[in-house]
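Residue-level listing of the chains:
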Amino acid sequence: GENGTAVTGAGSSQDGRLAAGENANTLTTRQGHPVYDNQNLRTVGNRGPATLENYQFLEKISHFDRERVPERVVHARGAGAHGIFEAYGKVGDEAIDKYTRAKLFNTPGKETPVFVRFSTVGHGGHSPETLRDPRGFAVKFYTEDGNWDLVGNNLKVFFIRDALKFPDLIHSQKPDPVTNRQSGERIFDFICNTPEAMHMVSFLFSPWGIPANYRQMQGSGVNTYKWVNKEGVGVLVKYHWEPLQGIKNLTQPEAEAIQAKNFNHATQDLYEAIKAGNFPQWELRVQIMSDDEHPELDFDPLDDTKIWPEDQFPHLPVGKMTLNKNPENYFAEVEQAAFGTGVLVDGLDFSDDKMLQGRTFSYSDTQRYRVGTNYLQLPINAPKKHVATNQRDGQMAYHVDSAPGQNLHVNYEPSSLQGLKESPRAGAEHMPAYEGRLVRQAIDRTNNFKQAGERYRLHEEWERNDLINNMTGALADAAQVIQDKMIDLCSQCDADWGRRLAEGLQNARNGNAGATQANESKASAAVHEAEAIAH
Ligand code: HEM
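Criteria and cut-off values
- The residue numbering used here restarts from 1 in each chain and proceeds along that chain's sequence as written.
- Note on the predicted model: pLDDT of at least 70 is required for a residue's local features to be given, and 80 or more for side-chain atom pairs to be given and counted; whole-chain, interface and lining totals, by contrast, use all residues.
- UniProt positions are given in the numbering used here, feature names are shortened, and annotations may be inferred rather than shown by experiment.
- Per the convention used, a helix needs a DSSP run of H or I reaching at least four residues, while a strand needs a run of E reaching at least two, with both numbered from the N terminus.
- Here the C-beta atoms are placed from the backbone, and a residue counts as buried if at least 20 other C-beta atoms lie within 10 Å of its own, exposed if 12 or fewer do, and partly exposed otherwise.
- We call two residues in contact whenever the C-beta atoms placed from their backbones are within 7 Å.
- The directions from the helix axis to the C-beta atoms are what the arc is built from.
- Near, as applied to residues and a molecule or strand, means the residue's backbone-placed C-beta atom lies within 6 Å of it.
- Each residue receives one of three labels: charged for Asp, Glu, Lys and Arg, nonpolar for Ala, Val, Leu, Ile, Met, Phe, Trp, Tyr, Cys and Pro, and polar for the others, Gly being one of them.
- We call a set of buried Ala, Val, Leu, Ile, Met, Phe, Trp, Tyr and Cys residues a nonpolar core when their C-beta atoms link them within 7 Å.
- pLDDT is a residue-level measure of predictor confidence that goes from 0 to 100.
- To obtain an axis, a line is fitted to C-alpha atoms, over the contacting stretch when the element is a helix, and the angle between two such axes runs from 0 to 180 degrees between their N-to-C directions.
- Each angle gets one of four labels, with under 35 degrees taken as roughly parallel, over 145 as roughly antiparallel, 65 to 115 as roughly perpendicular, and the rest as oblique.
- Given the number of residues in a helix, its expected span is that number minus one, multiplied by 1.5 Å.

### Re the UniProt feature "active site" (unreviewed entry) in the chain
Sites flagged by UniProt as "active site" (unreviewed entry) map to H75 and N153. Sequence-wise these annotated residues cover 79 residues; spatially they are packed, their C-alpha atoms never more than 10.4 Å apart. Mapped onto the elements, H75 comes out in the loop between α1 (55–64) and β1 (78–87). Positionally, N153 belongs in strand β6 (residues 146–153). Looking at N153, the number of C-beta atoms within 10 Å reads 23, which means it is buried. Sequence-distant contacts of N153, that is, excluding residues within four places in its chain, are made with P134, R135, G136, F137, S220 and V222.

### What about the UniProt feature "binding site: heme" (unreviewed entry) in the chain?
The sites that carry the UniProt feature "binding site: heme" (unreviewed entry) are, in the present numbering, Y363. Structurally, the position occupied by Y363 is in helix α8 (residues 354–370). On the neighbour-count criterion, Y363 (18 C-beta atoms within 10 Å) is partly exposed. Not counting residues within four places of it along the chain, the set of residues in contact with Y363 comprises F339, G340, T341 and G342.

### Regarding helix α6 (residues 265–275)
Looking at α6, one finds that the buried residues are A266, T267, L270 and I274. One side of α6 holds all its buried residues, which, seen down the axis, span an arc of 105°. Each element contacted by the buried residues of α6 is listed here: β1 and β11 (316–325). G277 sits one or two positions beyond α6 and adopts a positive phi of about 80°.

### Some thoughts on the site of the ligand
Around the ligand sit 27 residues in total, of which H75, R117, G136, A163 and V222 are the nearest. Every element with two or more residues in the shell around the ligand is listed here: β4 (111–120), β5 (135–143), β6 and α8. Examining the composition of the shell around the ligand, we find that eight residues originate from one element, α8, more than from any other. Residues of the shell around the ligand, tallied by class, amount to 13 nonpolar, ten polar and four charged.

### Comments concerning the nonpolar core
With 52 residues, the main nonpolar core has V114, V116, W148, V237, V286, V318 and L348 as its most contacted residues. Here this core gets five residues from one element, more than from any other, and that element is strand β9 (residues 234–243). Ignoring anything within four residues of it in the chain, the contact list for L348 reads T100, A102, W148, Y225 and W227.

### Details of the confidence of the model for the chain
For the chain, the mean per-residue pLDDT works out to 92, and 93% of the residues sit at or above 70. This model gives residues 1–12 a pLDDT under 50, and the stretch forms 14 contacts once residues within four places in sequence are excluded. Note on residues 514–535: pLDDT is under 50 here. Beyond four places in sequence and across chains, it has 20 contacts. Scored as a whole, the predicted complex attains pTM 0.92, and scored at its interfaces, ipTM 0.97.

### Topic: the environment of T341
Examined against the element boundaries, T341 turns out to sit in the loop between α7 (330–335) and β12 (348–350). Classification of T341 as buried rests on a count of 26 C-beta atoms within 10 Å. Distance in space between the C-alpha atoms of T341 and R359 is 6.6 Å, their sequence separation being 18 residues. In this structure T341 touches D149, V151, L356, R359, T360 and Y363, once residues within four positions along its chain are discounted.

### With respect to the environment of E254
Counting through the fold element by element, E254 comes out in helix α5 (residues 252–259). By C-beta crowding, E254 is classed as partly exposed, having 17 other C-beta atoms within 10 Å. For the pair E254 and G122, spaced 132 residues apart in sequence, the C-alpha separation works out to 20 Å.

### A look at the packing of helix α2 (residues 166–173) against helix α3 (residues 184–192)
At a minimum axis separation of 7 Å, α2 and α3 run at an interaxial angle of 150°. Regarding the angle of α2 to α3, the classification is roughly antiparallel. Across the interface between the two elements, D168, L169, S172 and Q173 from α2 touch R186, I187, D189 and F190 from α3.

### Points about unusual backbone geometry
Cis geometry is found at the peptide bond from G48 to P49, where omega equals 0°. One can find P49 in the segment before α1. Despite not being glycine, H75 shows a phi value in the positive range, around 60°. Judged by the 21 C-beta atoms lying within 10 Å of it, H75 is buried.

### Observations regarding the environment of F279
With respect to the helices and strands, the residue F279 is situated in the loop between α6 and β10 (281–290). Each C-alpha atom of the pair F279 and N324 lies 5.4 Å from the other, and the pair is 45 residues apart in sequence. For F279, the contacting residues outside a window of four places in its chain are I274, T322, L323 and N324.

### What about helix α11 (residues 480–493)?
Over its 14 residues, α11 runs 20 Å from end to end, which matches the ideal 20 Å to within 8%, given 1.5 Å per residue. Where α11 is concerned, the buried positions are I482, Q483, M486, I487, L489, C490 and C493. The buried residues of α11 occupy an angular sector of 165° when the element is viewed end-on, so they sit on one face. Across from the buried face of α11, at angles greater than 90 degrees, the exposed residues are Q480 and V481. In this structure, the buried residues of α11 make contact with α3, α4 (198–204), α9 (450–458), α10 (461–475) and α12 (495–509).

What follows is the structure, given as structure tokens:
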């Protein structure tokens, strides 16, 4: 069962033999000792003092003292579920092996088990799920060729295009190191000096910055990857998850009304839907481009602040994912799950996207610290197939990654003594050619404002109103120089956007918030009032 009735823990390793007088529910220590009294410390007389040889108590309390591992430095707040990915066996109407030899896609109806973790980004492990933030959408495919992680977000673009800037971006969005409060001034101080973030801002400060829940949101790989076919020929590819439940976003006032009563609504929604058999589904779609610089485009296909226009690069369906099983233990599965952009299978490859290259180092690096050296031996992270390595030892080594019949004396390669051997290649190697100077330079086609302006105009009027209100609210207390730079950047995207932000900030300065924030809810007005009273 899914709700407190799980009877065999995931990965429980004991062989279950019962001692005399024990039954299946008998409480024991981790040493297998039956616990006769779980209510009273062992003390000198029933008023104490306690003794130090109290092994049962020391084991219990010292394990408790270590129950937390460091939370994720970003995306700490999340929810997860198991499911299945079913391939269509083609890409759109075309044969898929023309583009990729990845086995999980190649046959209609082929099923691959998956584990998905959704998340918010900026705040800690139990922060409200109503916050304005991108939503993480990380999928682990346990394929027949080993694991593939597609570590995406709900929005299709990102704030920056160079991995070197990521720690600064995140610092500006995390709480102020002095006050420990998130600050609109700090967020926009970074953004107003980072014009490539404007496309992301056009989404994030609109209702798209608060998806109503995890089921009714899209997903995207954001970065550009490659597919490689049997001949070793690569194409550029972008991934998109389309929710079959539809898309639903919240205005700031709607989110505030939920947050007043429930700060776990998205976790609750996902868990309860699956428990009720109402399994959420997403279709996986890809966009494909030939593997070159595409000088005919006004953006760089490796730039993750850009969308590939759908009319030129259609979204081609390749399969469908269904989430149909809740975790049995949140910590073992959701918290200890480790996803990374380096985790690809044969037929999938990296592009030269500078963000993707930086991410690929960061994930496994943080996971060796956060979870531990042997994090890939945990059941949630281990592939569901043959694993045989010469890696040994390290904290929490749980077993030897050996093959049946392998000579366990040989943890090196090459060897003539029945050690592990290299596998045959699955197809021609993809060998991109490079020639260039080693430089520190931005890309040529930055084009920071065009798609952001298009997005502003594509929004519906209620979305634009929410965008202006949210930006005005976040910027109202910011230094003038930051406000002015943001007005300038918005104007470069769309004159109306800049004009309305300037007007909103001017009214806020005049203490006349009501005039511009006519759409702001009673809820947030009440919050401002309460703050004014507190001052
Ligand atoms: C989590 C780094 C950009 C999506 C993380 C974590 C790190 C990280 C260190 C924590 C991982 C863990 O503790 O297991 C970076 C760096 C980036 C970057 C250095 C840029 C250079 C992005 C982008 C996306 C993204 C562009 C969206 C496509 C995610 C998701 C998670 C995550 C979904 C949570 C995975 C989970 O549920 O466990 N990132 N990230 N990140 N990142 Fe990134």
